[in-house]
Amino acid sequence: MRIALDAMGTDHAPDSEVAGAMAAVRQDPDLNILLVGDETQIAGRMRHFPGQDRITVVHTPDRIAPDESPISALRRTPRSSINLGLDLQKAGEADAFVSAGSTGAVMAASQLRLRALEGVDRPTLGTPFPTSRGTTLVVDSGANVDCKPQQLFQFARLGAIYMHDVAGIDNPAVGLLNVGSEPLKGPEAVQAAHRLLAESDLNFVGNVEGRDIIQHSCDVLVCDGFIGNILLKFYESTASFMAEAVRTRLEEDCLDPGLDELFRGFDYAEYGGVPLLGVNGVTIVCHGASSSKAIKEAVGVAKRAVDSGMVSHMARDLAAGQVGNG
């Protein structure tokens with residue numbers, strides 16, 4: 001297994017990437033990582049870690065800053081760490097690509113280099129949300145706004161295949177985020193998406209209201225990226241707020257181990273990165289503030305996606321109009 005890892009993506013690159021890569025290869029003896037970035041900077045960090053035989057540096061001095069326009073930056077720096085990492089996957093020299101760089105640039109470059117799968121209008125970001133009973137994958141969590149009904153339907157199918165292949169859930173339950181449970185609630189596009197989902201072979205459980213997400217009403221929750229990203233950031237902030245409130249109330253420096261475990265479930269570092277679903281390859285997008293642990297977990301997400309044959313299953317199942325049986 002060869003994972004191309006953008007070494008210049010995080011806010012404090014390449015520290016998190018190098019440490020995360022080392023932790024990943026130590027944990028998995030069958031894993032090889034291609035660190036894509038500035039060779040001098042990477043080498044300086046790697047001196048602190050023994051046993052580097054399964055980590056290879058692919059040199060490029062160019063990187064894309066988070067505040068740059070994605071398309072213009074991709075064109076201006078064809079040898080950026082994002083472009084080069086995806087080129088390695090396209091050429092078959094890597095099985096997947098992981099980056100904590102500009103989300104817009106990673107998504108745009110993935111579509112340009114890997115291309116969308118047949119039957120996919122727009123690739124979607126799928127983000128795992130912790131709930132009272134496991135994890136719900138929210139699609140889309142920020143890649144697309146103003147989505148058409150057919151695109152929301154595609155998100156549902158992609159999310160269902162991902163949860164089947166990577167999370168191991170048989171016949172994942174799919175819900176549609178809405179302001180009420182009735183089919184005729186919400187905007188016209190959402191109502192039309194409801195009809196498409198209800199008539200499909202997906203395990204559609206109907207509309208899901210915001211208050212029901214935490215109760216694990218479904219395994220895959222469908223919405224457009226505008227709503228999904230707001231929901232994601234509110235979710236992320238809730239854990240920090242609640243943890244601090246409990247600490248203040250208890251007047252202790254640390255939480256009870258049981259509570260600490262509960263709040264850790266809301267930490268993005270526990271999940272590592274989120275998949276860009278619908279492209280002809282494996283792209284995992286990470287938070288810009290990712291720690292070495294988050295990078296290690298993101299590499300793990302990429303490896304599971306490759307091991308499961310997720311992309312080939314998506315291509316097959318999209319063509320057949322099925323969720324897939326692995």
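Here, the structure is the one placed above.
A brief structural summary.

Let us now look at the overall build of the protein chain. Each helix and strand counted, the protein chain has 11 helices and 11 strands in total. Within the protein chain, buried positions represent 52% of all 326 residues. In the protein chain, the proportion of contacts linking residues at least 24 apart, taken out of those at least 6 apart, comes to 68%. As displayed, the protein chain offers around 14600 Å² of accessible surface, 51% of which is attributable to carbon and sulfur atoms.

A word on the sheet that holds strand β1 (residues 2-6). Reading across from one edge, β3-β2-β1-β4-β11-β10-β5-β6-β9-β7-β8 is the order of the 11 strands in this open sheet, with mixed pairing throughout. Every other strand in the sheet has two partners, leaving β3 (55-59) and β8 (203-208) as the edge strands with one partner each. When the angles between neighbouring strand axes are averaged without regard to direction, this sheet yields 30 degrees. Direction of pairing for strand β5 (residues 124-131) relative to strand β10 (residues 273-277): antiparallel, over a ladder of 2 bridges. Opposite T124, over in β10, you have L277 as the bridge partner.

Every α-helical turn comprises 3.6 residues, leaving residues that sit three or four positions apart pointing alike. Burial of helix α4 (residues 81-90) is extensive: 8 of the 10 residues sit out of reach of the surface. Among all positions in α4, only S81, I82, N83, L84, G85, L86, L88 and Q89 are buried. Phi for G92, located one or two positions after α4, is positive at around 85 degrees.

So, about the pairing of strand β6 (residues 134-139). Regular strands have side chains that alternate between both faces of the sheet. Pairing between β5 and β6: 6 bridges, direction antiparallel. Its bridge partner being in β6, T131 is matched across the sheet by G134. Connecting β5 to the antiparallel partner β6 that follows it, the hairpin turn spans 2 residues. Sheet topology places β6 next to strand β9 (residues 220-222); 3 bridges connect them, and they run parallel. Looking at the pairing, L137 lines up with V220 of β9.

Of all 5 residues that make up β10, 5 are buried, and the element is covered over most of its length. Sheet topology note: the β10/strand β11 (residues 283-286) ladder contains 3 bridges and is antiparallel. Counterpart to V274 in the pairing with β11 is V285.

Contact geometry for α4 and helix α5 (residues 103-113): axes closest at 10 Å, N-to-C directions at 35 degrees. The element α4 and its partner α5 pack so that their crossing is right-handed. Within the contact between the two elements, α4 uses I82, N83, L86, D87 and K90 and α5 uses A105, V106, A109, S110 and R113. Class assignment for the residues of the contact of α4 with α5 results in 5 nonpolar, 2 polar and 3 charged.

What follows covers the pattern of salt bridges. Applying the stated criterion across every chain yields a total of 10 salt bridges. Note that D28 is salt-bridged to K303, the shortest N-O span being 3.4 Å. Of this pair, D28 sits in the loop between α1 (15-27) and β2 (32-37) while K303 sits in helix α10 (residues 292-307); the two residues are 275 residues apart in sequence, bridging distant segments of the chain. One exposure class covers both D28 and K303, and it is buried. The network of salt bridges with common partners includes D28, K303 and D307.

Rules of the game
- Sequence order as written defines the numbering, with residues in each chain counted from 1.
- Given that the model is predicted, a residue must reach a pLDDT of at least 70 before its local features are reported, and side-chain atom pairs must reach 80 or more before they are shown or counted; all residues, however, enter totals for whole chains, interfaces and linings.
- Side-chain figures throughout are based on the complete set of non-hydrogen atoms in the structure, without hydrogens or water.
- Secondary structure elements follow DSSP: runs of H or I of four or more residues count as helices, runs of E of two or more count as strands, with numbering from the N terminus.
- For every residue, the accessible area obtained with a 1.4 Å probe (protein chains only) is divided by the maximum for its type, and the residue is called buried under 20%, exposed over 50%, and partly exposed between those limits.
- In what follows, residue pairs with any heavy atoms lying within 4.5 Å of each other are defined as contacts.
- Under the convention used here, a 1.4 Å probe and the Shrake-Rupley method define accessible areas, while residue burial counts only the protein chains that appear.
- Strand pairing is assigned whenever DSSP detects at least two bridges linking the two strands.
- Angles shown run from 0 to 180 degrees and are taken between the N-to-C directions of axes, each axis being a line fitted to C-alpha atoms and, for helices, limited to the stretch in contact.
- The sense of a crossing depends on the near helix, which, turned anticlockwise from the far helix by less than a right angle, makes the crossing left-handed and, turned clockwise, makes it right-handed.
- Lys, Arg, Asp and Glu make up the charged group, whereas Ala, Val, Leu, Ile, Met, Phe, Trp, Tyr, Cys and Pro make up the nonpolar group; the residues left over, Gly among them, are polar.
- Salt bridge criterion: a side-chain nitrogen from Lys or Arg within 4 Å of a carboxyl oxygen from Asp or Glu.

Any functional reading would require information beyond the geometric quantities listed.
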